[in-house]
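Here is what each chain is made of, one letter per residue.
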Amino acid sequence: MTITDYKNHAELLLKEYGLANSILPCTGVVCGILACKMVYDLSQLISALSFKGYSSLSRMQQVEWNNRAISTLHAVFITIASLYLTFCSDLFADSQQQDLVIFRHSSFSTFILGVSIGYFLSDIGMIFWFYPSLGGMEYVLHHFLSMSGLLYAVSTGLGQVYAYMILVSETTTPGINLRWYLDVAGLKRTKAYVVNGVAIFFTWLVARIILFLYLFYHVILHYDEIVQLPSFGFFLIVVGPVVLAFLNLMWFGKITKGMLKTLAKRH
């Protein structure tokens, strides 16, 4: 197939994909939102029964406690799915030559992205409702960029490989949340807190720094395919990750300073 053929294929995909498969991603979004509500309620119930300090937390701390339970479960779920689809399955493998990698998708990959969109919608809704207690503008920017990329990948079927590469970075979320839980539980001076800080440093380095370098390498490798995308798709795949990488580097600097400060206190 020539580049023109692939461009025509992309345009046809834009017209037909959303109409033929709109139910699947919508189902995923609804499932994601309902799962967030269920996890929030279960966290509220289980924490009140099993953690004696939960009732003594302020109302806002309890909200954040349950919100972090949602983000932790989503992170575990989407990390497993992203690692499988990106590195283990044949869906995006370079050895599969039947189609360009930016066109590849499946019912399973589309549904999973829908679930993730449901999570991001729920989370940003809570961020706005309790703003700025659950996060400042950098979190809002992060979520809007993430949702824009996911919505584009779901609605067009294009560039899903890059959506999943970026979602692998959710690997860092459970460690970040655990650090907050340890702090609220009064365990900031324990060995577990120090180990957690070091673990966050290395997982962040791998999942949000090194992995993004691999993503940029992959973009350069397949640039002749990406340049054929509509302008908005090109922007999301090329410019979006650059903005996210900048945020990751900014947060990585703070994580590094915090880890060094904690280690210095231990000695």
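## Details of the overall build of the protein
For the protein, the helix and strand inventory stands at 11 helices and zero strands. Put simply, the protein runs from its N terminus to its C terminus through helices and strands in the order α-α-α-α-α-α-α-α-α-α-α. Taken against the 2.2 N^0.38 rule, which gives 18 Å for 267 residues, the C-alpha radius of gyration of the protein at 20 Å falls within 12% of a compact globule. Buried positions account for 48% of the 267 residues belonging to the protein. Within the protein, counting contacts between residues at least 6 apart in sequence, those at least 24 apart form 78% of the total. For the protein, the exposed area adds up to about 13800 Å²; of that, 69% sits on carbon and sulfur atoms. Of the side chains in the protein, 17 bear a positive and 14 a negative charge, and the two mean positions are spaced by 22 Å.

## Re a positive patch on the surface
Taken together, the side chains of Lys188, Arg189, Lys261 and Lys265 present a region of like positive charge at the surface. Mapped onto the secondary structure, Lys261 falls in helix H11 (residues 240-266). For Lys261, a relative accessible area of 54% puts it in the exposed group.

## Details of the nonpolar core
Here is a general trend for soluble globular proteins: nonpolar side chains tend to be buried in one another's company. In this structure, Ile102, Leu113 and Tyr162 are the most contacted members of the largest nonpolar core, which totals 64 residues. Among the elements that make up this core, the one with the highest residue count is helix H4 (residues 107-129) (eight residues).

## A few points about the pattern of salt bridges
Overall, the coordinates contain three salt bridges when judged by the stated rule. Asp41 is paired through a salt bridge with Lys37; the nearest N and O atoms lie 3.3 Å apart. You can see Asp41 and its partner Lys37 sitting in helix H2 (residues 23-50), four residues apart, about one turn around the helix. You can call Asp41 partly exposed: its relative accessible area is 33%.

## Some points on helix H6 (residues 160-167)
For H6, a buried count of eight out of eight residues is recorded, marking the element as mostly surrounded by other parts of the structure. Those residues of H6 lying buried are Gln160, Val161, Tyr162, Ala163, Tyr164, Met165, Ile166 and Leu167.

Reading the values: the criteria
Residues numbered from 1 in each chain as written. Predicted model: local features only at pLDDT ≥ 70, side-chain atom pairs only at ≥ 80, totals over all residues. Heavy atoms only, no water. Helix = DSSP H or I, 4+ residues; strand = E, 2+ residues; numbered from the N terminus. Rg over C-alpha atoms; globule rule 2.2 N^0.38 Å. Buried < 20%, exposed > 50% of the residue type's maximum accessible area, 1.4 Å probe, protein only. Contact = heavy atoms within 4.5 Å. Areas by Shrake-Rupley, 256 points an atom, 1.4 Å probe, with all protein chains shown as cover. Lys, Arg positive; Asp, Glu negative; His and termini not counted. Charge placed at Lys NZ, Arg CZ, Asp CG, Glu CD. Patch = residues over 30% accessible without salt bridge, like charges linked within 9 Å, V, L, I, M, F, W, Y side chains within 5 Å. Salt bridge = Lys/Arg side-chain N within 4 Å of Asp/Glu carboxyl O. Core = buried A, V, L, I, M, F, W, Y, C linked by side-chain atoms within 4.5 Å.

It is worth stressing that arrangement in space is one thing and function is another; only the former is reported here.
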